[in-house]
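# An overview of the molecular structure
Next come the chains, spelled out residue by residue.
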Amino acid sequence: QAVSMFTSYAASFAAVWYVTETTGSAILLSAMSICAYLPQGILSPYGGVIADRYNRKAVIIAADMAVGLVSLALGLFILVGDVSIAAIMFMVVARSVGQAFHGPAMMAAMPMLVPEKHLLRINTLDMMLMSVAGIVSPALGIMLYEGVGFHAVMFLDFAGAALACLALLKASIPSVHEESAACEKRHPLVEMKEGWDALRANRGLFLLIVLITLGMVSFGPMGSLYPLMTYDHFGGDGFMAAVAEAAFAGGLFVGSLIIWGGGRRLALLLAVSCVAFGLLATVSGLLAPSMFWAFAALCVLMGMVCAWFNGPTVTLVQRNVAEEKMGRALGFVTAAMGLASPAGIAIGGIAADAIGVAPFFVIDGIVCTIIGIALYLPKSVRALDESSAA
């Protein structure tokens, strides 16, 4: 999975840079990010049903291989000179669909493979792998993109997916099936509702997910506008864009190391992460165009605090939902974030084109800060930390 992650990051960065370099449009970059999130947001609840109903290893392999084949096809199109924005958007949509099935199956398997006290560590390890991929892959992607061609990055992605699938064939990944003979005859919507009810059963967890979703509306535009911030505000090239991405990923790695030892007050950590990211984003938007390297340093810090967000969110769900409903519950969490991000990205793309990408960073950073403060105010959310401490 780590190999596939590395090659996927390289392919994604190459695709983003192609759109940035050829169009320079915040709206197109935002549309690309919406394509990356929206299918996942819509389909993740169904992906959770599939993860709970069928063999999780088979689901992971099928999702990986399908995305790899799409990259192979796109690479062939590029090689014969038929590359287009539409073809790149199709690849992005295909990745999002694959992740809608891959993510819930992988996350739902973790509580059965790892003792509860180590769940945060394993989710943090996943974040560390993502951060290392984020450091290495942009450089690899831009090197192949500039040195060999866009098609080479797509072929590499296919090779990574194929290798990951071959390795998974030997892995033992457990699945949980409810003890009901009629389970497979039930309508998927019925099973989706059970995942929803599993989240609603814990008021604090449900409220936390709602507030995190609002946070994702604010955070979503940032990821899609990082390359444009480098290109438009700082006048950077592909190398500088790769540096900014690698700096953010390096911060993710450092942040992951900080929480590697575990933690009990995960809801508080989420709130701190949101507030800190908002303040750092605001400062980034206030930098002069000549201060790219200060922006790169802030990218490290923003990556560091983002590492305190994803792992604790997944861990809190894994700790508070029954194993047989885990896939469906995580499917809804993934859907909430997947649908929130396109909404924020759509607003962000239009706003960034209207007022400029740097002023947008300032405004959006302030909104993130306010949401982070509100995150830890409800008593039921704070109770999640109290029960963990107990």
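Remember, it's a predicted structure, so these values are computed and weren't measured experimentally. (Residues numbered from 1 in each chain as written. Predicted model: local features only at pLDDT ≥ 70, side-chain atom pairs only at ≥ 80, totals over all residues. Heavy atoms only, no water.)

## Quick notes on the packing of aromatic side chains
Under the defined criterion, the tally for this structure stands at eight aromatic pairs. Plain terms: the ring middles of Phe295 and Phe361 are 6.5 Å apart, the flat faces sit at 70° to each other, and that makes the pair edge-to-face. Of this pair, Phe295 sits in helix α11 (residues 292–320) while Phe361 is found in helix α13 (residues 357–375), placing the two residues 66 residues apart along the sequence. Residue classification places Phe295 among the buried positions, given a relative accessible area of 0%. Note on Phe361: relative accessible area 0%, which makes it buried. Through successive ring pairs, a cluster of aromatic residues spans Phe234, Phe292, Trp293, Phe295 and Phe361. (Phe/Tyr/Trp six-rings, centres within 6.5 Å; stacked < 30°, edge-to-face > 60°. Helix = DSSP H or I, 4+ residues; strand = E, 2+ residues; numbered from the N terminus. Buried < 20%, exposed > 50% of the residue type's maximum accessible area, 1.4 Å probe, protein only.)

## A few points about the nonpolar core
One finds Phe150, Phe277, Phe295 and Met302 to be the most contacted residues of the largest nonpolar core, which totals 61 residues. Here the element with the most residues in this core is α11; it accounts for 10 residues. With residues near it in sequence (within four places) discarded, Phe277 still touches Phe219, Met222, Tyr226, Phe248, Met302, Val305, Cys306 and Cys368. Counting 31 residues, the second largest nonpolar core, distinct from the first, contains Ile209, Val321, Met326 and Ala340. (Core = buried A, V, L, I, M, F, W, Y, C linked by side-chain atoms within 4.5 Å. Contact = heavy atoms within 4.5 Å.)

## Section: helix α3 (residues 56–79)
For α3, spanning 24 residues, the distance from its first C-alpha to its last is 35 Å, which sits close to the expected 34 Å at 1.5 Å a residue. At the N-terminal boundary of α3, the capping side chain belongs to Asn55, with an oxygen 3.0 Å from the backbone nitrogen of Lys57. (Expected span 1.5 Å × (residues − 1). Polar contact = N/O pair within 3.5 Å; in protein donor to acceptor, adjacent residues only side chain to side chain.)

## A closer look at the packing of helix α9 (residues 238–258) against α11
Between α9 and α11, the least distance of the axes is 6 Å, while the angle of their chain directions is 35°. Crossing of α9 over α11 shows right-handed handedness. Each of Met240, Val243, Ala244, Ala247, Phe248, Gly251, Leu252, Val254, Gly255, Ser256 and Ile258 in α9 lies in contact with α11, whose residues at this interface are Phe292, Trp293, Phe295, Ala296, Cys299, Val300, Met302, Gly303, Met304, Cys306, Ala307 and Trp308. In terms of residue class, the contact of α9 with α11 is made up of 19 nonpolar, four polar and no charged. (Axes fitted to C-alpha atoms, helices over the stretch in contact; angles between N-to-C directions. Left-handed = near helix turned anticlockwise from the far one by under 90°. Nonpolar A, V, L, I, M, F, W, Y, C, P; charged D, E, K, R; others polar.)

## Brief notes about the pattern of salt bridges
Tallied over the full model, the rule gives one salt bridge. Note that Arg95 and Asp157 form a salt bridge whose closest N and O atoms lie 2.3 Å from each other. Note that Arg95 is positioned in helix α4 (residues 85–113) and Asp157 in helix α6 (residues 150–168), a separation of 62 residues in sequence. For the pair formed by Arg95 and Asp157, the shared burial category is buried. (Salt bridge = Lys/Arg side-chain N within 4 Å of Asp/Glu carboxyl O.)

## Comments concerning the confidence of the model for the protein chain
Of the residues in the protein chain, 91% reach a pLDDT of 70 or more, and the chain-wide mean stands at 80. The least confident element of the protein chain is helix α7 (residues 188–200), whose mean pLDDT is 71; the most confident is helix α10 (residues 266–285), at 90. Per-residue pLDDT stays below 50 along residues 179–183; that stretch engages in three contacts with residues further than four places along the chain or on separate chains. (pLDDT = per-residue confidence, 0-100.)

## Looking at a nonpolar patch on the surface
A contiguous nonpolar surface patch, about 400 Å² in accessible area, is contributed by Leu76, Phe77, Leu79 and Val80. Relative accessible area serves as the criterion here: at 46%, Leu76 is assigned to the partly exposed category. (Patch = residues over 30% accessible without salt bridge, like charges linked within 9 Å, V, L, I, M, F, W, Y side chains within 5 Å. Areas by Shrake-Rupley, 256 points an atom, 1.4 Å probe, with all protein chains shown as cover.)

## Brief notes about the side chain of Thr7
Positionally, Thr7 belongs in helix α1 (residues 2–23). If we ignore the near neighbours within four places in the chain, the residues touching Thr7 are Leu156, Asp157, Gly160 and Ala161.

## A few points about the environment of Ile88
Relative to the helices and strands, Ile88 resides in helix α4. Judged by relative accessible area, Ile88 falls into the buried class, the value being 0%. Taking the C-alpha atoms as reference points, Ile88 and Tyr145, 57 residues apart in sequence, are found 14 Å from one another. If near-sequence neighbours (up to four positions away) are discounted, Ile88 is found in contact with Ala15, Tyr18, Met32, Leu74, Val83 and Phe150.

## A look at the packing of α3 against α4
Interaxial distance between α3 and α4 falls to 9 Å at its minimum, and their mutual angle equals 160°. Of the possible angle classes, the one that applies to α3 and α4 is roughly antiparallel. Note on packing geometry: the crossing formed by α3 with α4 is left-handed. Grouping the constituent residues of the contact of α3 with α4 by class yields 17 nonpolar, three polar and three charged. (Parallel < 35°, antiparallel > 145°, perpendicular 65-115°, else oblique.)

## A short note on the environment of Met337
Take Met337: it is sitting in helix α12 (residues 326–355). Given the relative accessible area of 17%, Met337 is considered buried. Linking Met337 and Leu214, residues 123 residues apart in sequence, is a C-alpha distance of 8.7 Å. Once residues lying within four places of it in the same chain are set aside, the contact partners of Met337 are Ile212, Met216 and Thr313.

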